[in-house]
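# Breakdown of the fold
Each chain, written out:
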Amino acid sequence: MVFFIVNPRAGQGMGLRLWEKMKEEGKSLLGEEGFSVFFTEKQGDARLFAREITREINKENHREITGENPQETQQEVHRDYSGERNREAKAVSIEDRICVIGGTGTLNEVIDGAMLDNNSFPISFLPVHRDNDFARALQKGYKIPESLSALFAKEERKVDYGIVEGERGHRRFVVSVGLGFEAAILQELLSMGCSICPKEKQRIRSKALSYFYAFVKELKRAKKIKGSILLDGEERVEFQHILFLSIHNHPYESGYALGCGASGEDGVLDLCLVSTKKKLRLLYIMFAALFGKHKSLPGVHCYRFKKMEIHLEQEVAFHVDGESLGKQKDLSISCMPGRLRLQI
């Protein structure tokens, strides 16, 4: 059984169009009863779907191992969020998989929600854009597979993911975690809806203009704070003028290569920390980061680690894979090497 989790709004509706393109092939390749599809309607849906699906997969695998024979009268019915009739789900097997159609945010929710204690099933990812941060990090010149058969024929890769833990619980991430200036820009963009500039009362249609406005606004508001990091339980480093920290499993994030050198398959995470008395240096640093040329600049500090603790003097803006999660000041971040079975 293939469980499709589709974000129809991803890529300005590209998620839905991509599913419509693949749906008929799915029926012929997998059979009418060989797949179920779940459409997300709001943030958090993909996480809930992944948890429900993997819970049932793990239960069925346990039954096969132990020889248990639960209810024989009727299998659990999975709701088909495509609007088609509900199907009676057939018994799952070890080869069952989740196929994600959407962006990095959708993939993050699936991996965060999935029960990965027993990583005995693969996840296939069909991004809506070829310049997806996650996809292009794993494969240069990435091209979106033109068919499901092409996707399912791809070599399975063992990919790392990260775990971030704080006062509000823990989250998994596949690309990056950010604190401070860069996360504040994201929060500002979300609060604007990328559309309204309060002073001019005009609709900003250009993403570049929206970003520029948020960048300048947050640059004015950015505060330098004291803090420290503890790398792999051994090396403690203190800073007096932290502006942001960017932790990467993959190099790219929203066009920037702040994590250039990060692999996603090497068992470690990469940290880019900016601490400088001169806020205007952020202009040069962020411009250089577009090309991955920022590491040698004054105020930029880069490290590699398996586990890191962050302690800041005060709370700052915080995001996980582009999802704004309020503010944090104390976090523990660790790498889970090779735990994802992934096709892309």
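The rules we used
- Residues numbered from 1 in each chain as written.
- Predicted model: local features only at pLDDT ≥ 70, side-chain atom pairs only at ≥ 80, totals over all residues.
- Heavy atoms only, no water.
- Helix = DSSP H or I, 4+ residues; strand = E, 2+ residues; numbered from the N terminus.
- Buried < 20%, exposed > 50% of the residue type's maximum accessible area, 1.4 Å probe, protein only.
- Contact = heavy atoms within 4.5 Å.
- Areas by Shrake-Rupley, 256 points an atom, 1.4 Å probe, with all protein chains shown as cover.
- Salt bridge = Lys/Arg side-chain N within 4 Å of Asp/Glu carboxyl O.
- Patch = residues over 30% accessible without salt bridge, like charges linked within 9 Å, V, L, I, M, F, W, Y side chains within 5 Å.
- 1 Å grid on protein atoms, 1.4 Å probe; cavity = no way out; pocket = protein on both sides within 12 Å on 5 of 7 lines; lining within 4 Å.
- Points joined across faces, edges and corners; volume = space filled by probe spheres on them.
- Nonpolar A, V, L, I, M, F, W, Y, C, P; charged D, E, K, R; others polar.
- Phe/Tyr/Trp six-rings, centres within 6.5 Å; stacked < 30°, edge-to-face > 60°.
- Core = buried A, V, L, I, M, F, W, Y, C linked by side-chain atoms within 4.5 Å.
- Pairing = 2+ DSSP bridges.

The number of helices and strands found in the protein is eight helices and 17 strands. Relative to its 344 residues, the protein shows a buried fraction of 53%. Counting contacts in the protein only where the partners sit at least 6 residues apart, residues at least 24 apart contribute 73% of the total. Of the roughly 16,500 Å² of accessible surface on the protein, a fraction of 50% belongs to carbon and sulfur atoms.

Here arginine 55 lies in helix H2 (residues 45-66). Along the backbone, arginine 55 and leucine 116 are 61 residues apart, and their C-alpha atoms lie at a distance of 9.6 Å.

This brings us to the pattern of salt bridges. For side chains of opposite charge, pairing can occur when their charged atoms come near one another. According to the stated counting rule, one finds 15 salt bridges in the structure shown. Between glutamate 188 and arginine 221 there is a salt bridge whose closest N-O contact spans 3.7 Å. Here glutamate 188 is found in helix H6 (residues 181-192), whereas its partner arginine 221 is found in helix H7 (residues 207-221), with 33 residues between them in sequence. The partly exposed category is assigned to arginine 221, whose relative accessible area is 49%. Glutamate 218 serves as the salt-bridge partner of arginine 221, at 2.4 Å between the closest nitrogen and oxygen. Placement of the pair is arginine 221 and glutamate 218 together in helix H7, with a separation of three residues, close to one helical turn. Accessibility expressed as a relative area gives 7% for glutamate 218, which makes it buried.

Nonpolar side chains collect at one region of the surface, where Tyr284, Phe287, Leu290 and Phe291 lie side by side and expose about 470 Å² of accessible area between them. Topologically, phenylalanine 291 is positioned in the loop between helix H8 (281-289) and strand S15 (300-305).

This brings us to the layout of surface pockets. One number sums up the size of the largest pocket: a volume of about 2,000 Å³. Forming the walls of the largest pocket are 50 residues, and the residues nearest its centre are Thr104, Gly105, Lys207, Ser254 and Gly322. For the lining of the largest pocket, the secondary-structure elements that each account for two or more residues are helix H1 (10-30), H2, helix H3 (104-113), helix H4 (133-138), H6, H7, strand S16 (307-320) and strand S17 (323-343). Taken together, the residues of the lining of the largest pocket break down into 15 nonpolar, 21 polar and 14 charged.

In this section: the packing of aromatic side chains. Overall, the coordinates contain 10 aromatic pairs when judged by the stated rule. Geometrically, the ring pair formed by phenylalanine 181 and phenylalanine 215 is edge-to-face, given 5.2 Å between the ring centres and 90° between the ring planes. Of this pair, phenylalanine 181 sits in helix H6 while phenylalanine 215 sits in helix H7, and the two are 34 residues apart along the sequence. You can call phenylalanine 181 buried: its relative accessible area is 3%. When its relative accessible area of 8% is taken as the criterion, phenylalanine 215 is described as buried. Ring centres of phenylalanine 287 and phenylalanine 291 lie 5.5 Å apart, and the angle between their planes is 70°; this geometry places the pair in the edge-to-face category. Aromatic rings pair up to connect Phe4, Trp19, Phe35 and Phe39 into one cluster.

Bringing the nonpolar core into the picture now. Membership of the largest hydrophobic core comes to 31 residues, with the highest contact counts inside it found for Ile5, Ile98, Leu107, Val110, Ile123 and Phe134. Elements represented by at least two residues in this core include exactly strand S1 (2-6), H2, strand S5 (97-102), H3, strand S6 (123-127), H4, strand S7 (157-166) and S17. Discounting chain neighbours no more than four positions away, the residues touching isoleucine 123 are Ile98, Val100, Leu107, Val110, Ile111, Arg341, Leu342 and Gln343. Residues Leu179, Ile229, Val316 and Cys335 belong to the second largest nonpolar core, which totals 26 residues.

Moving on, we get to the pairing of S6. With five of five residues buried, S6 is to be regarded as a mostly interior element. Sheet topology places S5 next to S6; five bridges connect them, and they run parallel. Its bridge partner being in S6, isoleucine 98 is matched across the sheet by isoleucine 123. One ladder, built from two bridges, connects S6 with S17; its direction is parallel. In the strand pairing of S17, isoleucine 123 is matched with leucine 342.

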